[in-house]
Amino acid sequence: GAVVSQHPSWVICKSGTSVKIECRSLDFQATTMFWYRQFPKQSLMLMATSNEGSKATYEQGVEKDKFLINHASLTLSTLTVTSAHPEDSSFYICSASGGTGANVLTFGAGSRLTVL
Amino acid sequence: DAKTTQPPSMDCAEGRAANLPCNHSTISGNEYVYWYRQIHSQGPQYIIHGLKNNETNEMASLIITEDRKSSTLILPHATLRDTAVYYCISQGGSEKLVFGKGMKLTVNP
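Note that the coordinates shown come from a computational prediction; the quantities given were computed from them, not determined experimentally.

A. Highlighting the confidence of the model for chain A. Looking at chain A as a whole, its pLDDT mean stands at 92, while 97% of the residues score no less than 70. The spread of mean pLDDT over the elements of chain A runs between strand β7 (residues 67–73) of chain A, the lowest at 92, and strand β11 (residues 111–115) of chain A, the highest at 97.

B. Main features of the interface of chain A and chain B. Listed per partner, the contact involves 19 residues of chain A and 19 residues of chain B. Taken together, the two surfaces of chain A and chain B that pack against each other cover about 1500 Å², and 53% of this comes from carbon and sulfur. Counting across the chain A and chain B interface gives one salt bridge. A salt bridge links Glu59 of chain A to Lys96 of chain B; its shortest N-O distance comes to 3.2 Å. Our count for the chain A to chain B interface comes out at six residue pairs in polar contact (both at pLDDT 80 or more). Counted by class, the side of chain A that touches chain B contains 11 nonpolar, six polar and two charged residues.

C. Layout of the layout of surface pockets. By volume, the largest pocket amounts to about 670 Å³. Every residue lining the largest pocket is counted, 29 residues in all, and those nearest its centre are Gln38, Lys41 and Gln42 of chain A together with Val85 and Tyr87 of chain B. Where the lining of the largest pocket is concerned, the elements lending two or more residues are β8 (84–91) and β9 (103–108) of chain B. With four residues, β8 of chain B is the single largest residue contributor to the lining of the largest pocket. Grouping the amino acids of the lining of the largest pocket by side-chain chemistry returns 13 nonpolar, 12 polar and four charged.

D. Looking closely at the packing of aromatic side chains. In total, this model carries nine aromatic pairs over all chains according to the counting rule given. Seen in terms of ring centroids, Tyr36 of chain A and Phe99 of chain B are 5.5 Å apart; in terms of plane orientation they differ by 90°. Their pairing is edge-to-face. Of this pair, Tyr36 of chain A sits in strand β4 (residues 32–38) while Phe99 of chain B sits in the loop between β8 and β9, which puts the two residues in different chains. The residues Tyr36 of chain A and Phe99 of chain B share a single accessibility class, namely buried. Plain terms: the ring middles of Phe107 of chain A and Phe99 of chain B are 5.8 Å apart, the flat faces sit at 75° to each other, and that makes the pair edge-to-face. Here Phe99 of chain B lies in the loop between β8 and β9 and Phe107 of chain A lies in strand β10 (residues 105–107), a pairing that spans two chains. Phe107 of chain A sits in the buried class, given a relative accessible area of 8%. Of the residues examined, Phe99 of chain B reaches a relative accessible area of 7% and is grouped as buried.

What counts, and where the lines are drawn
Residues numbered from 1 in each chain as written. Chains lettered and ligands numbered in written order. Predicted model: local features only at pLDDT ≥ 70, side-chain atom pairs only at ≥ 80, totals over all residues. Heavy atoms only, no water. pLDDT = per-residue confidence, 0-100. Helix = DSSP H or I, 4+ residues; strand = E, 2+ residues; numbered from the N terminus. Contact = heavy atoms within 4.5 Å. Buried area = accessible area lost by both parts, 1.4 Å probe. Salt bridge = Lys/Arg side-chain N within 4 Å of Asp/Glu carboxyl O. Polar contact = N/O pair within 3.5 Å; in protein donor to acceptor, adjacent residues only side chain to side chain. Nonpolar A, V, L, I, M, F, W, Y, C, P; charged D, E, K, R; others polar. 1 Å grid on protein atoms, 1.4 Å probe; cavity = no way out; pocket = protein on both sides within 12 Å on 5 of 7 lines; lining within 4 Å. Points joined across faces, edges and corners; volume = space filled by probe spheres on them. Phe/Tyr/Trp six-rings, centres within 6.5 Å; stacked < 30°, edge-to-face > 60°. Buried < 20%, exposed > 50% of the residue type's maximum accessible area, 1.4 Å probe, protein only.

Rendered as structure tokens:
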């Protein structure tokens, strides 16, 4: 079946540094990927839609200059959290469509970011 | 905002069928009902989806009422590994999935 891989699975960084998270579709091409954020005991919140070869579309309230998204190929999207602060600590999850069926999303295992 | 409502939690005995309800009274004609689940600290996992007809796959069955205002996800023989948060989502042509609060299913031994 379709597999989406995220890396790293967890990362700890100092406040003010930038962190990059990769999302790869391993056995299918994904023209569209989605980035979600999840705080403890809360549901997933959609941050942005990543489109291959074009600019990402951000949801309302998500700072595009803080959360840089690059979707340079049909199998790779990256999320860079710039100048991270402790409040950016969260579980970041990517997903991609096209691997299983129409409008069915395959999710990565998530990346847990802790900003000290 | 999520367009579905689910009870916050439910318990089920191991080996028994788990029937997870979902209300989507405002669903429009072109919107499907999707079910995903999230086991603790993992990414969500697709379970099943349907439009009007009942659906079954290797994981579960989906029963959609004739008026499409509600549905039930059935796990025929729940195991401890089915303990998770289950999300019922109604979605149309756009591929953006908007998650609600979901329902925590706890399967007890």
